[in-house]
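Now for the letters of each chain:
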Amino acid sequence: MSKPVVATASLAGCFGCHMSVLDIDDRILQLIDLVEFNKSPVDDIKTFTKTCDIGIIEGGCCNSENVENLKEFRKHCKILISLGECAIMGGLPAMRNGIPVKECMEEAYYNCPTIDKNDPKIMPNDDELPMILDRVYPLHEIVKIDYYLPGCPPRADLIWEALVALITGKELSLPYEVLKFD
Amino acid sequence: MLDVIRDVQSETGSVSEEAIVQIAAAMNVSQVDVEGVVTFYHFFSKSPVGKYSVYLNNSAVSFMKGCAAIAKAFEQEAGCAFGKTTADGNIGLFYTSCIGMNDQEPAAIINDVVFTNLTVEKVKEIVAGMKAGKSAKDLVKQFGDGQNQSELVKSMVNNNIHKKGLVLFAPFEAGSAVKKVATMTPDAVVEEMKVSNVRGRGGAGFPTGMKWDFTRKSEGPKRYIVCNADEGEPGTFKDRVILTEMPQMLFEGMAVGGYAIGADEGLLYLRAEYMYLKNYLENVLEKMRKNNQLGKDIAGKKGFNFDIKIQMGAGAYVCGEESALIESAEGKRGQPRNRPPFPAQVGFMGKPTSVNNVETFCCAARIVLEGGAWFAAMGTLQSKGTKLLSVSGDCKKPGIYEIEFGTTVKTLLEECGAMDAVAVQIGGPSGTCIGKKDFGRRICYDDLATGGSIIVMGPKTDILQVVHNFMEFFVEESCGWCVPCRAGNKILTERLEKIMHGKGSATDLTELESWCAIVKSMSRCGLGQTSPNPILTTIQNFRELYEAKIQKGKDYVSEFDFAAAVKESCAVANRKPLSEGH
Ligand SMILES: Cc1cc2nc3c(=O)[nH]c(=O)nc-3n(C[C@H](O)[C@H](O)[C@H](O)COP(=O)(O)O)c2cc1C
Ligand code: SF4
Ligand code: SF4
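Fair warning: this is a prediction, and the values are worked out from it, not measured in the lab.

### Points about the overall build of chain B
Along chain B, the regular secondary structure elements total 23 helices and 14 strands. The C-alpha extent of chain B, read off along each of the three principal axes, is 90 × 55 × 45 Å. Split into buried and exposed, the 582 residues of chain B put 58% on the buried side. Taking contacts inside chain B between residues at least 6 apart in sequence as the whole, the part at least 24 apart equals 71%.

### Quick word on helix α9 (residues 208–217) of chain B
Buried within α9 of chain B we find T208, G209, K211, W212, D213 and T215 of chain B. Those residues of α9 of chain B hidden inside the fold are in contact with α8 (186–196), α11 (247–261), α13 (322–329), β9 (353–357) and α14 (358–370) of chain B.

### Some words on the site of ligand 1
All names here are of chain B. Taken together, 19 residues lie near ligand 1, and G202, N228, E322, N357 and T360 sit nearest. One of the backbone N or O atoms of G232 is found 3.2 Å from an oxygen atom in ligand 1. The contact in question runs from an oxygen atom of ligand 1 to an N or O atom on the side chain of N357, over 2.7 Å. Contact with the protein chains removes 90% of the 600 Å² of surface that ligand 1 exposes when unbound. Every element with two or more residues in the shell around ligand 1 is listed here: β9 and α20 (526–530). Tallying contributions element by element places β9 first for the shell around ligand 1, with three residues. Of the residues belonging to the shell around ligand 1, the class tally is four nonpolar, nine polar and six charged.

### Remarks on the sheet that holds strand β1 (residues 5–10) of chain A
Residues and elements named next belong to chain A. Pairing within the open sheet is parallel, and its five strands lie in the order β2-β1-β3-β5-β7. Of all the strands in the sheet, the pair left with one neighbour each is β2 (36–37) and β7 (147–149). Strands in contact with helix α3 (residues 64–76) are β1, β3 (52–58) and β5 (77–83); relative to β5, the strand with the most contacts, it is inclined by about 135°.

### Some remarks on the site of ligand 3
The local shell around ligand 3 holds 13 residues, among which C479, W481, C482, C485 and C525 of chain B are the closest. A per-class count over the shell around ligand 3 returns eight nonpolar, four polar and one charged.

### With respect to the nonpolar core
Most often, soluble globular proteins have nonpolar side chains that are buried together. All names here are of chain B. Grouped together as the largest cluster of nonpolar side chains are 68 residues, with contacts concentrated most on W212, L250, F251 and L268. Each of domain 1 (2–143) and domain 2 (162–376) accounts for three or more of the residues forming this core. Ignoring anything within four residues of it in the chain, the contact list for W212 reads V189, V190, M193, G253, V256, G257, A260, I261, S354, N356, F361 and A364. Membership of the second largest hydrophobic core comes to 59 residues, among which are A314, A316, I455 and L509.

### Details of the pairing of strand β8 (residues 307–312) of chain B
Within a regular strand, side chains alternate between the sheet's two faces. Residues and elements named next belong to chain B. Both strand β7 (residues 265–270) and β8 contribute to a ladder of six bridges, which runs parallel. Considered in β8, the bridge of Y269 is made with Q311. Handedness of the β-α-β unit built from β7, helix α12 (residues 278–290) and β8 comes out right-handed.

### A look at the packing of aromatic side chains
Scanning the model with the defined rule gives 16 aromatic pairs over all chains in all. Relative to Y41 of chain B, the ring of F40 of chain B lies with its centre 4.9 Å away and its plane at 75°, an arrangement referred to as edge-to-face. The two residues F40 of chain B and Y41 of chain B agree in class, both being buried. Each ring, one from Y55 of chain B and one from F94 of chain B, has its centre 5.4 Å from the other, and the planes form 25°; the classification is stacked. Within this pair, whereas Y55 of chain B is found in strand β1 (residues 52–57), its partner F94 of chain B is found in strand β2 (residues 91–96), the two being separated by 39 residues in sequence. The exposure class assigned to Y55 of chain B is buried, which follows from its relative accessible area of 8%. Three or more aromatic residues link up through ring pairs in this structure, and these residues are Y137 of chain A together with F560 and F562 of chain B.

### Observations regarding the pattern of salt bridges
Overall, the coordinates contain 50 salt bridges over all chains when judged by the stated rule. Across the pair D555 of chain B and K144 of chain A runs a salt bridge whose closest N-O atoms are separated by 3.6 Å. On the criterion of chain membership, the pair formed by D555 of chain B in the loop between α22 (543–549) and α23 (562–573) and K144 of chain A in the loop between β6 (132–137) and β7 is interchain, its members lying in two chains. Across the salt bridge formed by K222 of chain B and D264 of chain B, the nearest N and O atoms sit 2.8 Å from each other. Placement of the pair is K222 of chain B in the loop between α9 and β6 (224–229) and D264 of chain B in the loop between α11 and β7, with a sequence separation of 42 residues.

### Details of the confidence of the model for chain B
Per-residue confidence for chain B gives a mean pLDDT of 96, with 100% of residues at or over 70. Our summary of model confidence lists the complex with pTM equal to 0.94 and ipTM equal to 0.92.

### A look at the sheet that holds strand β10 (residues 386–393) of chain B
All names here are of chain B. The six strands are arranged β5-β11-β10-β14-β12-β13 in an open sheet whose pairing can be described as mixed. This sheet does not close on itself; its edge strands, each paired only once, are β5 (161–163) and β13 (432–435). The mean inter-strand angle of the sheet, taken between neighbouring strand axes irrespective of direction, is 25°. Sheet topology places β10 next to strand β14 (residues 453–457); four bridges connect them, and they run parallel. The residue of β14 that forms the bridge with S392 is I455. With respect to the sheet, helix α16 (residues 409–416) is in contact with β5, β10, β11 (399–404), β12 (423–426), β13 and β14, its orientation differing from that of β11 by roughly 140°.

### Considerations on the interface of chain B and chain A
Each side of the interface is counted separately: chain B has 28 residues, and chain A has 30 residues. In total, chain B and chain A occlude about 2,400 Å² of area from one another, counting both sides; carbon and sulfur atoms represent 62% of this. We note a salt bridge from E580 of chain B to K71 of chain A, for which the minimum N-O separation is 2.4 Å. Among the elements of the structure, α18 (483–500), α19 (506–522) and α23 of chain B are those that each provide at least two residues to the side of chain B that touches chain A. Here the side of chain B that touches chain A gets eight residues from one element, more than from any other, and that element is α23 of chain B. Classifying every residue of the side of chain B that touches chain A gives 16 nonpolar, five polar and seven charged.

### Comments concerning the packing of α11 of chain B against α12 of chain B
Residues and elements named next belong to chain B. Axis separation between α11 and α12 bottoms out at 10 Å; the angle between their running directions is 60°. Between α11 and α12, the crossing angle belongs to the class labelled oblique. For the pair α11 and α12, the sense of crossing is right-handed. Here P247, Q248, F251 and E252 of α11 lie close against α12, whose contacting residues are Y280, L281, V284, L285 and M288. Residue composition of the contact of α11 with α12, grouped by class: seven nonpolar, one polar and one charged.

### What about the state of the cysteines?
Cysteine pairs can be covalently joined through their sulfur atoms, and such a bond is termed a disulfide. All names here are of chain B. Inspection of every chain in the model, using the stated rule, returns zero disulfides over all chains. Take C395: it sits in no disulfide, and the sulfur closest to it among the cysteines is that of C416, at 4.2 Å. Overall, C395 belongs to the buried group, its relative accessible area being 10%.

### Some remarks on the domain arrangement of chain B
Residue and element names in this part refer to chain B. By the assigned domains, chain B splits into domain 1 (2–143), domain 2 (162–376), domain 3 (386–457) and domain 4 (463–547). Using only C-alpha atoms to locate each centre, domain 2 and domain 3 end up separated by 26 Å. Contact with domain 2, which involves 24 residues of that partner, is made by 25 residues of domain 3. A buried area of about 1,900 Å², summed over both sides, lies between domain 2 and domain 3, and 58% of it is on carbon and sulfur atoms. For domain 2, the biggest contributors to the area lost against domain 3 are H162, K163 and F237; these three give 33% of the whole. For the pair domain 2 and domain 3, the interface holds 17 residue pairs in polar contact (both at pLDDT 80 or more). Mapped by element, the contributors of at least two residues to the side of domain 2 that touches domain 3 are β5 and α10 (238–245). At three residues, α10 tops the list of elements feeding residues into the side of domain 2 that touches domain 3. Tallied by class, the residues present in the side of domain 2 that touches domain 3 amount to nine nonpolar, eight polar and seven charged.

Procedures and definitions
Residues numbered from 1 in each chain as written. Chains lettered and ligands numbered in written order. Predicted model: local features only at pLDDT ≥ 70, side-chain atom pairs only at ≥ 80, totals over all residues. Heavy atoms only, no water. Helix = DSSP H or I, 4+ residues; strand = E, 2+ residues; numbered from the N terminus. Buried < 20%, exposed > 50% of the residue type's maximum accessible area, 1.4 Å probe, protein only. Contact = heavy atoms within 4.5 Å. Near = heavy atom within 4 Å. Polar contact = N/O pair within 3.5 Å; in protein donor to acceptor, adjacent residues only side chain to side chain. Areas by Shrake-Rupley, 256 points an atom, 1.4 Å probe, with all protein chains shown as cover. Nonpolar A, V, L, I, M, F, W, Y, C, P; charged D, E, K, R; others polar. Pairing = 2+ DSSP bridges. Axes fitted to C-alpha atoms, helices over the stretch in contact; angles between N-to-C directions. Core = buried A, V, L, I, M, F, W, Y, C linked by side-chain atoms within 4.5 Å. Domains from an automatic or database assignment. Right-handed = clockwise from strand over helix to strand, strands pointing away. Phe/Tyr/Trp six-rings, centres within 6.5 Å; stacked < 30°, edge-to-face > 60°. Salt bridge = Lys/Arg side-chain N within 4 Å of Asp/Glu carboxyl O. pLDDT = per-residue confidence, 0-100. Buried area = accessible area lost by both parts, 1.4 Å probe. Parallel < 35°, antiparallel > 145°, perpendicular 65-115°, else oblique. Left-handed = near helix turned anticlockwise from the far one by under 90°. Disulfide = S-S within 2.5 Å.

Structure representation (structure tokens):
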């Protein structure tokens, strides 16, 4: 049997979840034996070259590019996993939800402390730039998500165990410590 | 602290930053503590609420009775939207959760004065009166029945008592209960409570005799009796009517409790919505002191000392939860405590405290007079005596019914004129929603438990809309302490909306149910532990309503609207929105 193919991406996240993937330490060598990576920052493949078995996404959707990326993943991956708080709930970036977009953008481009008062006020509007969404969306509101791995970031062990469980078909144990809220 | 803040609020129309600084300094607490309290309660506000602040009830029954039209009329006449004050600062319009007037909706509270059965005409008159500078009290044209007419109440509220029973609304001779109890030993009083098997009327149904026994046996030089008159469960208003018509019996019941557990101080925690009854109740207390029914050596018995203070709430449903109520009575945010220790061990001011419902104390007074066995002869195996029900919604005779425990829903529906009922909400939003097939079931702890709220839904009422209203209520009233309740109820509400918008799938329905299970099992207090009930019990009993809304044969539907989502940011950046996948 050929190795399962895995793709990963970081959308509106901090890459902390990807760091946690790397945090499986020397098991990364086993992982390489177990799976083949396709589009992912791990191997720097930028576009899908084949259908993948598992897609892992960190971060929610805060702009149009995130949305397109996510839909691309859904199209190419048989199984899609929301990895971490940002992907599952919006996380830290979602703190802007509830503040009008206009206020956020003005704060970022007109009023933030690093902007010189004498500079002309410029709101970036090049067509090449992604468009900001009205709020940060969790992934499952935009496409179907098959599994969720909680945590900020999810512990390396959890990611490892989840992947092994998916690949080997064994049941994943989710102890209380992993799911508790406070 | 609540009293100080309340005074500032009513004198100046807000509790400003400046006032917070001053209160903190004067009371020697941190500003954050004061601000925490100000922002916790509905009736405190950091921004001005207007010389006249209108709080319109937005409960489900209020909407059944035309709240939407009334709201529109207020906005039109006053010239400002809900959540705002008029430019001249004269009138403020706000929504608030159920104010205990479900039998006479739509209703609103304006500067502590209650206005019921509102019509567009009445709204016009009221707003004109406010614009003319009349006091809210002067805008009340007609008074309600019974003591609502008394000099100290003068309210348009009606009692609407449709059925009187043997416990609550039988004649009660002033002073009789304290006189009787003075001839008994505290042991005997507790024993009589146990014989009667009376269970708490506040909703949880804990045996009162046992609670008093625990409290009495808790070590300490001082104990307290607290009466829970927060009555916040939407659809309940029976305590309002007891407070109006039977305050003497209630206060004697509290004295009985004090005698039994060895407390010489009692506290009546009265919800802010019932402010209009405060002077009247104070007057009853004063009379009782004069008549040796309260105070020192009550009924001539040496050492039988008991007095009662009234503590006003400030608008928060969760303050009905007994430990939150105690926190609030101590002047803090009304957030539930971790339990154990239970209030019976560590309660008000850290002392053993028995918190009981208004109706429970009335039962206690009656039990002392008639005996536990007399009481236990009524009702069912596990539910003795009678129960006051507050019936509202789609029925001809909304109001108060004192029924014997074990009465079927069907019998009640016949009595209140609701033969076309399709669904009945038993026990308020935190209770159960049942359909026709269950109308033969009985109202009692053994079957359908209720703190008293019965909301009838007829064929014209949209049940899912009611469920949604209940969920919004819980979102609003969650104290925010724990995530499963604070965030969970929001998630439940949004998922419900998705289904109601016709954008749901079978997956959404299953996930909705699993979210319900999470919120119920992971929340800290009774609010979160019951808040998913509107959804859960309607999925159980009215699954077809949900099925009809979901998209068949799809396992996933998204509600995401790309064009709408990018519209605002593109407008701000002055660029043309590109379509998806450009
Ligand atoms: C969210 C919440 C709200 C409550 N509201 C009330 C209330 O308004 N009145 C009341 O008597 N009990 C209320 N209770 C129940 C009280 O916690 C407590 O059980 C009751 O006051 C005890 O009195 P009882 O034994 O006489 O019923 C509430 C409980 C919860 C969890
Ligand atoms: S969940 Fe935490 S670690 Fe992961 S992307 Fe979000 S903020 Fe970073
Ligand atoms: S369950 Fe809700 S109301 Fe109760 S403590 Fe938690 S957040 Fe507060």
